[in-house]
Amino acid sequence: MLDVVKAKSVEAFTAHFGCQPEFLAYAPGRVNLIGEHTDYNDGFVLPCAIKYGTAIVAKKNGTNKMRMLAVDVNHETDEFECSATFTAHETKVWANYLRAMVALIMQKGHKVEGLDLAISGDVPLGAGLSSSASLEVSFGHLLSSIFGLNIPLQEIALTGQACEALNGCKCGIMDQTISACGKANSALLIDCRSLVLTQVPVPSNLDILIVNSNVKHSLVGGEYNERREQCENAAKIMGVKALRDATMDMLNAKKGEMDDVTYRRARHVITEDERVLEAVDAFKHGDLATLAEKMYASHCSMRDDFEITIPEIDGLVEIIRKAIGENAAVRMTGGGFGGSVVAVVEPAKVPQVKAAIDAEYEKISGKKATIIETHAFDGAYFTTL
């Protein structure tokens, strides 16, 4: 929450640098309501920004160096010269996102000078809620605003995506786009090919619950990039630019030319794109029954075809479905292999969902789940202090 992380950042900055910061940037994390692993296939996604994010406070330091304090990483520090060349730190993963953002922005001809920075965030790490995108967008917006670069928010999002690639994760554009361009009380339909953004109001009589399994995931690894390669291979076999352009008829016609795993990866993406557009229509009409059908179908597809769920996540989904009964709009959210579940719930049913999770989840996981009630929030923010 902005006020909390702002206060934490300002306090740490003052103590570490011995003066008051002059600027503040903030960008939220996100939860994806539906549309998983469709973004890098040029498809559709429907995320919203959440109440947790990353705050960065800063002051010009009159040098060519970024001097950084990561409040939440044991007050770890790093510094580097502002340069168009990206040089990764061997151990400080958080710092490499900032190093990459500076390099990528300067490669476009923008001038960036030295800052003293303190960074604090409350997006749960490893929960599949895009803590890294929140950091990238917050920092990119800070640089653009302080130095008068006038970089559009969508371009900051694209730079954040490129930053992830430099750090070993070939992710899609969803996370950075919603962090930059989210609007309060709306989900954001993103066409990941054209980058056309459509605000989709979330009905006021529905709450968004995020349930963190507390089984952490990491996307900078083989599973994510492997699935991307499988999707690209399927598109190549079908002769299309991306799976966005494929249909189930086209996939079935080429089934004999691909192995079963490749077929199922493609089937997930093709059917998931359809589910996203049907979910948008359900939101517009306040049709919780259809939304529930599409979200659970999405989860089953991620479990069976894309194979990115784990037993703890599957168990959480079933606990929530049983607690809600009819119209249980719930699914895994995020890249997979841990992380969180998202549910769109009538407020009256929130207490029974919480009670069911408290009673049942630890039995199947040995862990307590963390439950976050949220709604859709605004995206990136900048102000002088």
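Just so you know, these numbers come straight off a predicted model, no measurement behind them. Every chain's residues receive numbers from 1 upward, in the order its sequence appears when written. Local features in a predicted model are, by the rule used here, given only for residues with pLDDT of at least 70; side-chain atom pairs are given and counted only at 80 or more, and totals for whole chains, interfaces and linings are based on all residues. To get the side-chain values, all heavy atoms of the structure are used, and hydrogens and water are removed first.

### Examining the environment of G29
Point 1. Helix and strand assignments follow DSSP, with helices taken as H or I runs no shorter than four residues and strands as E runs no shorter than two, numbered in order from the N terminus. Mapped onto the secondary structure, G29 falls in strand β1 (residues 23–34).
Point 2. A simple rule labels every residue: compare its accessible area, found with a 1.4 Å probe on the protein chains alone, to the largest value its type can have, and call it buried under 20%, exposed over 50%, or partly exposed in between. With a relative accessible area of 0%, G29 lands in the buried category.
Point 3. Separated by 23 residues in the primary sequence, G29 and Y52 have C-alpha atoms spaced 5.9 Å apart.

### Some remarks on the UniProt feature "domain: Galactokinase N-terminal" (unreviewed entry) in the chain
Point 1. Under the present numbering, the feature "domain: Galactokinase N-terminal" (unreviewed entry) in UniProt falls on residues 11–60.
Point 2. Secondary structure content for residues 11–60 is 14% helix and 58% strand, while the C-alpha to C-alpha distance between its ends is 17 Å. UniProt positions are given in the numbering used here, feature names are shortened, and annotations may be inferred rather than shown by experiment.

### Observations concerning the environment of L316
Point 1. Its place among the elements puts L316 in helix α10 (residues 311–324).
Point 2. Residues L316 and Y361 lie 45 residues apart in sequence; the distance between their C-alpha atoms is 6.5 Å.
Point 3. In what follows, a contact means two residues having at least one pair of non-hydrogen atoms within 4.5 Å. Beyond its immediate stretch of four places on either side in the chain, L316 contacts V211, S213, V341, I357, Y361 and I364.

### Description of helix α6 (residues 222–238)
Point 1. Each helix should span, by expectation, one fewer than its residue count multiplied by 1.5 Å. Counted at 1.5 Å a residue, the expected span for α6 with its 17 residues is 24 Å, and the 24 Å between its end C-alpha atoms agrees.
Point 2. Inspection of α6 places Y224, N225, R227, R228, Q230, C231, A234, A235 and M238 among the buried residues, and these make up the whole buried set.
Point 3. A positive phi of about 75° marks G239, the residue just after α6.

### Some details on the pattern of salt bridges
Point 1. Here, a salt bridge means any Lys or Arg side-chain nitrogen found within 4 Å of an Asp or Glu carboxyl oxygen. Under the criterion given, the structure shown has 28 salt bridges.
Point 2. Residues K65 and E79 are paired through a salt bridge, measuring 2.9 Å at the closest nitrogen-oxygen approach. Taken together, the positions of K65 in strand β3 (residues 65–70) and E79 in strand β4 (residues 76–81) put the pair 14 residues apart, joining distant regions of the chain.
Point 3. A relative accessible area of 29% places K65 in the partly exposed class.
Point 4. The partner of E232 in a salt bridge is R228, with the nearest N and O atoms 3.4 Å apart. Placement of the pair is E232 and R228 together in helix α6, with a separation of four residues, close to one helical turn.
Point 5. Among the residues examined, R228 registers a relative accessible area of 15% and is labelled buried.

### Focus: the nonpolar core
Point 1. Buried residues of nine kinds, namely Ala, Val, Leu, Ile, Met, Phe, Trp, Tyr and Cys, make up a nonpolar core once their side-chain atoms join them within 4.5 Å. Formed by 47 residues in total, the largest nonpolar core has its most connected members in M66, V102, V112, L117, F139, L142 and L143.
Point 2. Considering each element in turn, this core owes the most residues, ten residues, to helix α2 (residues 93–107).
Point 3. Excluding residues within four positions of it along the chain, L117 makes contact with F13, F17, I56, V57, A58, M66, R67, M68, L69, L98, F139 and L142.
Point 4. Within the second largest apolar cluster, 45 residues are counted, among which are Y296, A323, A328 and A356.

### Details of unusual backbone geometry
Point 1. Unusually for a residue other than glycine, N327 sits at a positive phi of about 60°.
Point 2. As for its position among the elements, N327 is in the loop between α10 and β9 (329–333).
Point 3. Classification of N327 by relative accessible area gives partly exposed; the value is 32%.
Point 4. Here the phi dihedral of F337 falls at roughly 60°; this positive angle occurs in a residue that is not glycine.

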